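An overview of the molecular structure
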Amino acid sequence: MSLSDIDKLTEGASGFGVDVPEDPRPVGRRKSISRSGLVWQRLKATPRFWAGAGVLAALFLFATVGPLLSPYSITDQDVMAFNAAPTAAHWFGTDTLGHDILVQTMVGLQKSLVIGFVAGPLATALAAIIGSFAGYVGGATDKVISWFIDLMLVLPTFFILILLYPFFKGNWVVMMFFLAFTGWMIMAQVVRSQTRSLRERDFVKAARYMGFNAWSVVTRHVIPNVASLLIIDATLGVGAMILSETALSFFGFGVQPPDVSLGTLLENGQAAATTRSWLFLAPAGVLVILLLAINFVGDALRDAVDPTSGVNRG
Amino acid sequence: MADARSSAPLLEVRNLSVTFPQSTGDVQAVRDISYTISEGEFLGIVGESGSGKSVSSLAIMGLLPDNAEVTGEILFQGKSLLKLDDRELSRIRGNELAIIFQDPLSALTPVYTIGDQIGEALRLHDRSLSRAGAEARAVELLQIVGIPDAARRVKAFPHEFSGGMRQRAMIAMAISNNPRLIIADEPTTALDVTIQAQILEVLEEAKRITGAAVSLITHDLGVVAGHADRVAVMYAGKLVELGDVDQIFHEPNMPYTIGLLRSVPNIRTAGTERLVPLEGRPPSLANLPVGCPFAARCPIAIPKCTQVEPELAQHGRDPAHTSACHRAGEIASGALTPPQIFPRPEPLALAVRGKGETVLSVENLVKHFPLMRGGVFRRRVGTVRAVDGVSFSVSAGRTLAIVGESGCGKTTTILELMELTKPQGGRIVIEGRDIGALSKDERRALRSDIQIVFQDPSAAVDPRLPIGEVIGEPLLAQKVSRADREKRVAELLDLVGLDASMAQRYPHEFSGGQRQRVGIARGLATDPRVLVLDEPVSALDVSIQAGIINLLQDLRDQLGLSLVFVAHDLAVVRQIADDVAVMYLGRIVEQGPIVSVFDDPKHPYTQALMSAAPIPDPTAERARSRVLLDGDLPSPAEQIDGCRFRTRCPLYKLLDESAQARCIGEDPKLQPHGDVAVACHHVERNTLVVG
């Protein structure tokens with residue numbers, strides 16, 4: 001017993017810290033609450049989460065339902081209004097060719113959202129599988145994977161993506177996968193080190209002695225125990241992927257016309273940012289709001305999963 | 001210093017209460033306790049985890065966190081400690097009041113040498129002392145606490161010391177300023193029995209030299225029995241019984257004390273009768289029931305017990321013996337006897353046991369770990385001989401215990417068994433099949449015959465799975481269908497004394513003892529022939545251990561299981577095992593039926609282990625003669641020629657030179673002596689007496 005035990009004593013009135021001697025009767029009485037239930041309860045109490053989730057939901061509607069309601073499509077040209085500032089007919093104005101910026105932004109956002117929400121979790125899944133295998137199997141496999149991770153980390157991701165450009169020229173679906181394939185390394189390292197400590201835990205040993213193979217142990221015991229990390233990473237990864245996609249498209253190595261994404265819109269509008277600011281401000285504003293919302297949700301999620309990391313708990 | 005007040009008690013605690021405010025309800029860690037410690041007295045404070053025993057002592061030292069609300073009065077040599085500010089308290093702390101913590105590694109600063117830290121304690125309270133003077137005194141202190149080569153060791157850093165040596169250094173630091181009171185908070189809990197015996201001896205020595213009073217906080221009744229003058233028993237933040245050590249152990253008045261005493265196995269008598277489990281668990285300190293906190297677990301509770309909390313009062317003849325129980329009068333007068341309060345449970349009808357066919361046999365098992373050094377060009381710099389030629393066999397329905405200090409290779413041995421792969425050296429045969437020659441599918445099938453239960457129940461179950469899934473896991477590995485799994489899980493929960501409706505709950509909702517039952521249920525899922533248990537009760541509180549041990553015995557007898565039981569608590573081993581193997585540095589040094597080995601140990605190491613194990617009986621403890629070992633277990637990487645035990649052997653020191661030469665030159669083999677096998681050259685000359 002020492003001071004740290006007192007901390008446990010005070011924190012664990014319900015038996016988390018102090019190991020209360022047993023009771024052969026059913027645990028009963030107090031309402032059972034699973035871990036995910038606990039996380040959800042904490043999440044519910046965080047205003048940042050609701051703000052982020054609300055904005056995200058609004059943006060989703062904006063990107064999916066919006067284009068259906070709009071009288072224009074992205075290829076429609078309004079010959080009556082080239083380079084028009086925002087009006088009642090074109091809320092966000094039009095560009096040099098008379099394209100409606102509002103519908104362009106909505107469709108561009110749609111593409112960016114799809115790319116972000118597929119590539120982000122995909123990168124996390126890759127990280128989970130590769131990292132946990134390297135950590136669990138160990139030995140030569142671990143060494144080879146670790147070297148590969150280091151190699152990928154040394155090469156600048158953006159540079160790799162530009163080099164890969166000839167392989168997905170214009171095809172944004174392929175690009176989405178390439179984005180995922182270049183964004184998993186750091187998380188894989190985190191998962192690998194977590195797995196190495198989990199591997200020494202008795203319940204993982206027990207599973208091995210029961211005769212489960214590596215795949216079963218990893219999927220049953222390792223990944224669920226790093227799941228909280230993965231969920232956070234996947235959420236924040238969405239934002240990172242959207243940003244990468246935007247950057248690539250901005251420089252012309254991403255989504256190609258006639259498809260639009262927030263990146264291509266920004267690229268088109270950037271020259272006019274000072275003269276016809278609506279061309280630039282609309283996609284840029286949507287991008288900033290989107291990233292903020294995602295980060296709010298990711299942040300709230302991290303605090304809910306790991307109470308010690310947050311600022312809102314003392 | 002204290003002679004003027006020798007009549008007044010050294011320390012007087014009056015109505016001390018400690019509360020930790022919480023949003024979910026205040027945690028009342030200590031509730032209105034009063035006791036005194038006289039000059040030079042040895043007080044033992046006993047209680048389970050969460051009973052408030054440590055908190056009350058930290059309150060005396062003024063070391064509680066700031067959010068603790070402390071009320072009452074603590075008088076030390078007539079001064080009220082609670083009224084002093086931190087500076088005044090610091091002057092007393094470390095000077096007249098000293099504390100020894102449980103974990104000496106975290107209590108010592110890793111970046112300063114041991115000598116510097118002892119010197120700091122000295123110079124802090126005596127400004128005139130020079131640096132050199134402090135170091136000289138530190139060397140002296142280290143000699144007192146029995147650290148060999150103290151002049152050199154004083155310059156060592158804490159990580160260079162073993163656990164036992166660190167605890168010695170802590171004691172040296174505690175006695176450095178001739179304190180009047182030493183508070184020892186579970187000082188031996190993290191240590192091996194042999195080291196525990198050494199440390200308690202050093203503590204006694206320190207007490208003798210300084211004349212200080214000692215307040216020893218522990219959960220181990222055996223430790224208290226051998227050393228304390230008076231004993232205080234705590235339960236749920238309250239002092240429930242206080243008295244002379246003989247009174248507490250021989251005529252306890254409080255049912256909790258009685259239950260505790262009847263639930264601990266005694267190394268002398270264990271195995272002859274069943275243990276008495278103490279049902280239930282202590283109440284949550286945040287939400288205490290009205291009345292006596294023990295009422296819910298007390299077999300003789302009357303309606304009054306749930307209405308009025310009993311006060312500590314005299315019930316027997318001696319005013320110094322007080323207890324908090326409404327029915328203590330009846331107990332003291334003999335109207336209620338301990339066996340009436342806590343009757344021993346009847347053993348289950350024995351299935352046919354005894355010499356069955358051999359289920360598991362291990363021949364010359366070897367497991368060496370290479371010691372590597374260097375980054376890019378790794379080279380082998382040595383070998384850790386964790387297991388070095390171990391042979392044993394287990395027959396159906398019998399229990400083999402493997403005992404020894406930590407680091408002796410007992411856990412490595414059983415983990416090697418569980419791997420079910422061809423060992424580095426030797427042979428493992430399970431159910432007549434050599435596991436070195438198994439195919440992959442045969443190996444998986446064989447896994448259902450041998451299962452393991454781990455030491456720490458909270459680490460052994462995956463926190464993300466409901467316990468039904470945890471228990472059914474071995475069946476999943478054997479590809480049993482979901483419906484059959486669920487049926488079996490319900491059976492198993494019932495078998496280990498848990499409710500079948502609990503299958504959907506998560507591990508964190510269970511107490512330590514219940515989680516260990518879950519671990520046992522998982523071990524039994526595939527109906528194995530051999531269950532391997534790695535220290536299954538050592539992480540549990542005393543009152544729960546009895547329940548788990550009884551359960552294991554029942555299961556073994558009902559199911560005809562063979563158990564391989566690894567433990568360091570010899571009383572527990574004697575309670576459950578039929579045969580025992582004593583391991584030292586990767587070898588078995590003595591092996592045989594438990595009664596023969598425990599009653600008449602022949603190897604000097606076994607003798608030392610036996611005499612280090614505390615007995616929860618003060619009369620027996622005082623009458624014992626001990627075989628104490630020198631120093632710690634050598635590193636298994638060290639190459640020792642001849643007998644590996646000779647560096648610590650008490651017999652070796654008594655031998656003449658020619659006999660010693662044999663110990664150095666020749667590695668002893670296990671030789672039969674009566675019905676036991678002993679690896680010692682000089683069994684006939686062994687004159688060591690073990691009590």
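Residues numbered from 1 in each chain as written. Chains lettered and ligands numbered in written order. Predicted model: local features only at pLDDT ≥ 70, side-chain atom pairs only at ≥ 80, totals over all residues.

Here the focus is the overall build of chain B. Looking only at helices and strands, chain B features 26 helices and 24 strands. For 691 residues, the compact-globule estimate of 2.2 N^0.38 gives 26 Å, and the C-alpha radius of gyration of chain B, at 27 Å, lies within 12% of that figure. Viewed in the frame of its principal axes, chain B has a C-alpha envelope of about 80 × 65 × 55 Å. Out of the 691 residues belonging to chain B, those deemed buried represent 53%. When contacts within chain B are restricted to residue pairs at least 6 apart in sequence, those whose partners lie at least 24 apart make up 69%. (Helix = DSSP H or I, 4+ residues; strand = E, 2+ residues; numbered from the N terminus. Rg over C-alpha atoms; globule rule 2.2 N^0.38 Å. Buried ≥ 20, exposed ≤ 12 C-beta atoms within 10 Å, placed from the backbone. Contact = placed C-beta atoms within 7 Å.)

We now examine the sheet that holds strand 4 (residues 69-76) of chain B. Residue and element names in this part refer to chain B. If you trace the four strands from one edge of the open sheet to the other, you get 2-1-4-5, paired in antiparallel fashion. Single-partner strands in this sheet number two, and they are strand 2 (27-37) and strand 5 (79-80). Sheet topology places strand 1 (residues 11-20) next to strand 2; seven bridges connect them, and they run antiparallel. Its bridge partner being in strand 2, Val18 is matched across the sheet by Val30. (Pairing = 2+ DSSP bridges.)

We now examine the sheet that holds strand 23 (residues 671-673) of chain B. Residue and element names in this part refer to chain B. Across the sheet, which stays open at both edges, the eight strands sit in the order 18-19-20-15-21-22-24-23 with mixed pairing between neighbours. Where the open sheet ends on each side, the last strands, each with one partner, are strand 18 (450-453) and strand 23. Mean inter-strand twist for the sheet, computed between neighbouring axes without regard to direction, equals 20 degrees. Running over the sheet, helix 19 (residues 512-524) touches strand 18 and strand 19 (530-534) and is turned about 175 degrees from strand 18. (Axes fitted to C-alpha atoms, helices over the stretch in contact; angles between N-to-C directions.)

This paragraph deals with the packing of helix 11 (residues 255-263) of chain B against helix 20 (residues 542-559) of chain B. Residues and elements named next belong to chain B. Between helix 11 and helix 20, whose axes approach to 9 Å, the crossing angle comes to 45 degrees. Relative to helix 20, helix 11 is oriented oblique. As helix 11 packs across helix 20, the resulting crossing turns out to be left-handed. Of the residues in helix 20, those in contact with Gly259, Leu260 and Ser263 of helix 11 are Val542, Ser543 and Ala546. Its residues assigned to classes, the contact of helix 11 with helix 20 shows three nonpolar, three polar and no charged. (Parallel < 35°, antiparallel > 145°, perpendicular 65-115°, else oblique. Left-handed = near helix turned anticlockwise from the far one by under 90°. Nonpolar A, V, L, I, M, F, W, Y, C, P; charged D, E, K, R; others polar.)

Let us look at helix 20 of chain B. Residues and elements named next belong to chain B. Between its first and last C-alpha atoms helix 20 spans 26 Å; for 18 residues at 1.5 Å apiece the expected length is 26 Å, and the two agree. A large share of helix 20 lies buried, amounting to 13 of its 18 residues. At the C-terminal side of helix 20, Gly560 shows a positive phi close to 65 degrees. (Expected span 1.5 Å × (residues − 1).)

The next point concerns the environment of Leu221 of chain B. All names here are of chain B. Locating Leu221 in the fold gives a position in helix 9 (residues 221-227). Distance in space between the C-alpha atoms of Leu221 and Phe249 is 9.1 Å, their sequence separation being 28 residues. Leaving out residues up to four positions away in the same chain, Leu221 has contacts with Val46, Leu260, Leu261, Val264 and Pro616.

The subject of this paragraph is the confidence of the model for chain A. All names here are of chain A. Across chain A, pLDDT averages 77, with 84% of residues at or above 70. Element-level mean pLDDT values for chain A span from 41 in helix 1 (residues 3-11) up to 89 in helix 9 (residues 185-199). The model gives residues 1-32 a pLDDT under 50, and that stretch makes 74 contacts with residues more than four places away or in other chains. (pLDDT = per-residue confidence, 0-100.)

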